[in-house]
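Listed below, chain by chain, are the residues.
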Amino acid sequence: MRRRTFLLGAATAAAAGTAGYYRSRVVETTPDVRYPGMQAGHALRDGAALPPSSGARRCQVAILGSGVAGLSCAWKLAREGFTDFVVVQGPEYGGNAAAGNRDGLDYPLGAHYLPLPSMQSTHVREMLADFGIAERDAFGERPYYDESILAHSPQERLLRDGRWEDGLLPMHGLPQADIEQHRKFLALVDRLHGAVGNDGRKVFCIPIVLSSRDPAWRALDALTFRQWLEREGYTSPALHWYLNYCCRDDYGAPYDRVSAWAGLHYFASRDGHAANAAEGAVLTWPGGLAPLVQRLRDAISARLGHGDWLLPGTAARLHESPAGPRIDCLAPGAAASVYTLAAQRAVCAMPLFVAQRILPDIRAYGYDPATHASPHAPWLVSNFVMDGYPREAPGEPLSWDNVVYQGQALGYVVSTHQLLRVARSPRTVFTAYHALSDQTPQAARQWLADARPEALRDEAAADLVAAYGDEFWRRARQLEITVRGHAMASPYCGYLSNAGLAALREVDGPVLFAHADLSGYSVFEEAAWWGVAAAGRILGQRPAA
C-alpha cells in the first residue's frame, strides 16, 4: 500500500553481516554541518545589543522573512498590483524549502514534495497556474500538471525482513487479522475524505482553518492518535508502526503525542487529483520545494520589473510608533551593522518563537508564549553525495522514497529520481530525513547542540547503513548535514483550541502574522495560506474563515 495512495483512498541480518566484512575497508565521510538561523536566533534569545542604525528606508509594507509564507505574501501583493513592499530575507532564504548544490547536483535542505492541492487549496492552485505547473484546468477537479515534476515511478518502497517491498504500509506475510485491520482503516479514510460536520464544512480540510468546527469531531483533539487507535480496536503492530512513522514524518512527533484529529487529518484532508497522474501523486524537484520558491521570487520580480524588493539581513527589533512599525534589521557580514525600515505595516513571516523575540511584547496580540507556544520538532536533513550506487537487497528497485521498517530515522529520497534519463545518473544524492522524536524536543535540541560532527553523521546515516551495510560508505563521497533545531510545529493534543494561535490569526493592524505556526503544523499549503491571507488584509480583502 503506497502512503500517498493511502492518503486518498528491521534492518536486515544480511546488512548486519555485510557491515562486519567492510568495516576495515571503508572511510566514513567527514560531514559539513550547517545550523541555519541558529546564531541569529540565539542572539535574539539572549537580547544581544544592536549597534546604531546606519539609516532608514521607507516603504508601505515590510515583510519579515523569505520563507514560503513571506514570499507568498509578496507574490499575492505583486499579483494584485501592489508594489510598495520589501521582503527582509532572514538568516536563510527559502526557510524550510531551501536547497543545496554540490558538483552540479541539486538536493533539498528541507521539504521535498508538494501533494496535489485539494479543491479547497485555491491559493496553491492559483500559484501553480501562474507558474505554468498546472497546465490546464487549474481549478477543476483534475488539473493537468507538468509531467516533468510529477513524481516518477517507482515512488515508494519499504525494507522489511531483508527485502524491499512496494509501498510503505507493510502488507506481505502478515496475519489475516492484521490485513483486515489495514483494510478497515483504509475504508475509514475513504469515508472521512467526504465527511461533513454539522456546520456544513468538510471535517478535514487544507487549509486547516476551513475545517469543520463541529464539537463532535473536534473532540478527537483531546486524544493522542495512539489512544484513538487503541480505543477503536486497531491492534496490528504493522499498522501502528506505519501510522507512527507518518506522524514522525509529517509532524516530527510520535503518534503517542500527536492529536488524534491531526493524525486523521494527515490522511483525510488530502484529496487532490490530476488528469495525468495516478491517485496519490505528488509534485517534486531534485531540489525539493526550492524551485517552487524560486518561481515565487521570479514571478514577483517580473511583476515589479526589478529584484530590489528582496533585502539581505535579518529583522532584529520591531517598534510600533504612531507613524507605523519601525524595524531594525541586522545586515549580513562580519562587521555588525543595522539598517532601519520605516513602514506603515509589517508582516511577521517568521516562526512565532522568533517573532516573540523581535516584538516588544507579543502578549499584546493575545499570544502568551508561556502557555500558547507549540512544541517545535528538531530535525536532521542530511545529503550524501554518492559516486555510483551501493548494492541493493532483493525486491523492489531503488525508488524516490525509501524507508526502513522500524528504522531509527525516516528513510531517504533520491534527488536525481526526477531527471529524465534512460539510465541511472553516474552520481546522485541520497537525502536522509530524521526527526529526533524519541526524546523531548528540548532534550533533542540539547543533544544537537552538544553532538560532535561524527555523532551527527552516525545519526544521519542510520537508515542508509541499515539498508546497505558499511558498503554505503564506499559510495558516499560528501556529506552535508543541516541541523534544524526548531524545524516545525508539532500538533500535540489541544492544538486546535489554542487561544493564542486563534488570536494571532485574527490580528489586523499595523503588525500582521503569517507563518505555518498559525496552523499548528508545517506544510507548504498552510504557510502559503497565511502569507496570502496577510496580503489580503493589506489589500482590504477579508480572508475566508
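Data block above holds the structure.
Anyway, here's the lowdown on the structure attached to this text.

Parameters at a glance
- Residues numbered from 1 in each chain as written.
- Predicted model: local features only at pLDDT ≥ 70, side-chain atom pairs only at ≥ 80, totals over all residues.
- Heavy atoms only, no water.
- Pairing = 2+ DSSP bridges.
- Helix = DSSP H or I, 4+ residues; strand = E, 2+ residues; numbered from the N terminus.
- Axes fitted to C-alpha atoms, helices over the stretch in contact; angles between N-to-C directions.
- Expected span 1.5 Å × (residues − 1).
- Buried < 20%, exposed > 50% of the residue type's maximum accessible area, 1.4 Å probe, protein only.
- Parallel < 35°, antiparallel > 145°, perpendicular 65-115°, else oblique.
- Left-handed = near helix turned anticlockwise from the far one by under 90°.
- Contact = heavy atoms within 4.5 Å.
- Nonpolar A, V, L, I, M, F, W, Y, C, P; charged D, E, K, R; others polar.

**Points about the sheet that holds strand β1 (residues 31-34)**
Sheet strands associate in pairs through backbone hydrogen bonding, adopting either a parallel or an antiparallel arrangement.
At step 1: Sheet architecture is open: 8 strands sit in the order β1-β20-β16-β19-β18-β17-β9-β10, paired in mixed fashion. Every interior strand has two partners, whereas the edge strands, β1 and β10 (163-166), have only one. Here the strands of the sheet are splayed against their neighbours by 25 degrees on average, with no regard to which way each runs.
At step 2: Pairing geometry for strand β17 (residues 401-404) and strand β18 (residues 412-414), over 2 bridges, is antiparallel. For Asn-402, the partnering residue across the bridge sits in β18 and is Tyr-412.

**A short note on helix α9 (residues 237-251)**
At step 1: Relative to the 21 Å expected for 15 residues at 1.5 Å per residue, α9 spans 21 Å between its end C-alpha atoms, a close match to the ideal helical length.
At step 2: Of all 15 residues in α9, 14 are buried, a share of seventy percent or more.
At step 3: With its phi angle positive at about 70 degrees, Gly-252 sits one or two positions after the end of α9.

**A closer look at the pairing of strand β19 (residues 427-435)**
At step 1: Most of β19 sits out of view: 8 of its 9 residues are buried.
At step 2: The sheet contact formed by strand β16 (residues 376-387) and β19 spans 9 bridges and is antiparallel. For Leu-380, the partnering residue across the bridge sits in β19 and is His-434.
At step 3: Relative to β19, β18 runs antiparallel, the two sharing 3 bridges. Across the sheet, the residue bridging to Tyr-412 is Ala-432, located in β19.

**Brief notes about the packing of helix α4 (residues 68-79) against helix α19 (residues 524-538)**
At step 1: Across the interface, α4 lies against α19 with an axial gap of 7 Å and an inter-helix angle of 40 degrees. In terms of orientation, α4 and α19 fall into the oblique class. As α4 runs across α19, the sense of the crossing is right-handed. Contact residues: Val-68, Ala-69, Ser-72, Cys-73, Trp-75, Lys-76 and Leu-77 in α4; Phe-524, Ala-527, Ala-528, Gly-531, Val-532, Ala-534, Ala-535 and Ile-538 in α19.
At step 2: Here the contact of α4 with α19 is composed, by residue class, of 12 nonpolar, 2 polar and 1 charged.

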